[in-house]
Amino acid sequence: MELIQENPDLSAYLAADEVIDHHHPLVRETAVRLAKDAMDSYAYARLAFEFVRDTIPHAQDSGDPRVTWRASDVLERGTGICYAKAHALTALLRAEDIPTALCYQRLRYDAGDGHCVHGLVAVRFNGAWHRQDPRGNKPGVDARFSLNGEQLAFLPDREAGELDHPVLYAAPHPAVLNALKAAPDRAYLWETLPAELA
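These remarks concern the structure in this document. (Residues numbered from 1 in each chain as written. Predicted model: local features only at pLDDT ≥ 70, side-chain atom pairs only at ≥ 80, totals over all residues. Heavy atoms only, no water.)

1. Re the sheet that holds strand β5 (residues 163-164)
Alright, step 1. The 4 strands lie next to each other as β4-β3-β2-β5, forming an open sheet whose pairing is antiparallel. The open sheet is flanked by β4 (128-132) and β5, the only strands paired with a single partner.
Alright, step 2. Seen against the sheet, helix α5 (residues 82-95) touches β2 (100-108) and β3 (115-125) and runs at an angle of roughly 10° to β3. (Pairing = 2+ DSSP bridges. Helix = DSSP H or I, 4+ residues; strand = E, 2+ residues; numbered from the N terminus. Contact = heavy atoms within 4.5 Å. Axes fitted to C-alpha atoms, helices over the stretch in contact; angles between N-to-C directions.)

Set out below in structure tokens:
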């Protein structure tokens, strides 16, 4: 699949905003701490990915009812669903000048019929984009950081109507952000996850 930049200006994928708030002190402190153990930007990207994947539990897996959406809040509270964890990883990577995009998949909804949108990121190295999924591993899910072939949490089943969205977004998709902001808790969010990117 060919990944498509929504914005042709690569600097858009380094920008900060209210969600990807990599100017926030907690994001900066976390980035500096992780960078101390990295020999180069590739090593830093892998460390940041593993930090978000492994130390911030996916709220559905852990049973945490809190909903986070701003990167700094994900780091402070230590919880989030796939979208929130993607926001946190994006902020940590952009904090160290690594172009990072938000991207999505359409997957079967695990709590009932239909589909829902799943969030992940893409990093730019060596002139190409590489998708990474920091959602968090569990039985049946073994996502890893890789620039040599994707090792994502989920492989879409086309016969079941699942798919990869090829667009790389510089900011969270409005359907995703609106669902996160409107949810008073994770149970409500789980019932209102977007099924499509409109």
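2. Details of the environment of Thr79
Alright, step 1. Positionally, Thr79 belongs in the loop between α4 (71-77) and α5.
Alright, step 2. Beyond its immediate chain neighbours, meaning those up to four positions away, Thr79 contacts Ile56, Pro57, Ala59, Asp64, Arg66, Thr68 and Val74.
Alright, step 3. At a separation of 3.5 Å, a polar atom in the side chain of Thr79 contacts the side chain of Asp64. (Polar contact = N/O pair within 3.5 Å; in protein donor to acceptor, adjacent residues only side chain to side chain.)

3. Regarding the state of the cysteines
Alright, step 1. For the structure on display, the rule yields 0 disulfides.
Alright, step 2. With no disulfide partner, Cys82 has as its closest neighbouring cysteine sulfur the one in Cys116, 7.3 Å distant.
Alright, step 3. By relative accessible area, which is 11% here, Cys116 ends up buried. (Disulfide = S-S within 2.5 Å. Buried < 20%, exposed > 50% of the residue type's maximum accessible area, 1.4 Å probe, protein only.)

4. Observations regarding the pairing of β3
Alright, step 1. In terms of burial, β3 is a largely internal element, 10 of the 11 residues being buried.
Alright, step 2. Pairing geometry for β2 and β3, over 9 bridges, is antiparallel. Note on β3: the bridge partner recorded for Gln105 is His118.
Alright, step 3. As judged from the 5 bridges shared by β3 and β4, these two strands associate in the antiparallel manner. Its bridge partner lying in β4, Arg124 is registered against Trp129.

5. A closer look at the environment of Tyr109
Alright, step 1. Tracing the backbone through its elements, the reader meets Tyr109 in the loop between β2 and β3.
Alright, step 2. Here the alpha-carbon distance between Tyr109 and Leu193, two residues 84 residues apart in the chain, equals 9.1 Å.
Alright, step 3. Excluding residues within four positions of it along the chain, Tyr109 makes contact with Gly114, His115, Cys116, Trp190, Glu191 and Leu193.

6. Remarks on the pattern of salt bridges
Alright, step 1. Using the criterion set out here, one finds 16 salt bridges in the structure.
Alright, step 2. Among the salt bridges present, the one from Arg108 reaches Glu162, with a minimum N-O distance of 3.3 Å. Residue Arg108 is found in strand β2, and its partner Glu162 is found in the loop between β4 and β5; the two are separated by 54 residues along the sequence.
Alright, step 3. Under the relative-accessibility criterion, Arg108 is labelled partly exposed at 48%.
Alright, step 4. The buried category is assigned to Glu162, whose relative accessible area is 8%.
Alright, step 5. Note that Arg144 and Asp142 form a salt bridge whose closest N and O atoms lie 3.2 Å from each other.
Alright, step 6. Its relative accessible area of 44% is what places Asp142 among the partly exposed residues.
Alright, step 7. Taken together, the shared-partner salt bridges in this structure form one network comprising Glu18, Arg70, Asp73 and Lys181. (Salt bridge = Lys/Arg side-chain N within 4 Å of Asp/Glu carboxyl O.)

7. Things to note about the nonpolar core
Alright, step 1. Judged by nonpolar contacts, the single largest core of 50 residues is most densely connected at Tyr83 and Leu92.
Alright, step 2. Counting residues per element, the ones that place at least two in this core are α1 (25-35), α2 (41-55), α4, α5, β2, β3, α6 (174-182) and α7 (186-192).
Alright, step 3. No other element matches the 10 residues that α5 contributes to this core.
Alright, step 4. When neighbours within four sequence positions are excluded, Leu92 is seen to be in contact with Val27, Thr30, Ala31, Leu34, Tyr44, Ala48, Phe51, Val52 and Leu75.
Alright, step 5. Judged by nonpolar contacts, the second largest core, of 11 residues, contains Ala12, Cys103, Ala122 and Ala170. (Core = buried A, V, L, I, M, F, W, Y, C linked by side-chain atoms within 4.5 Å.)

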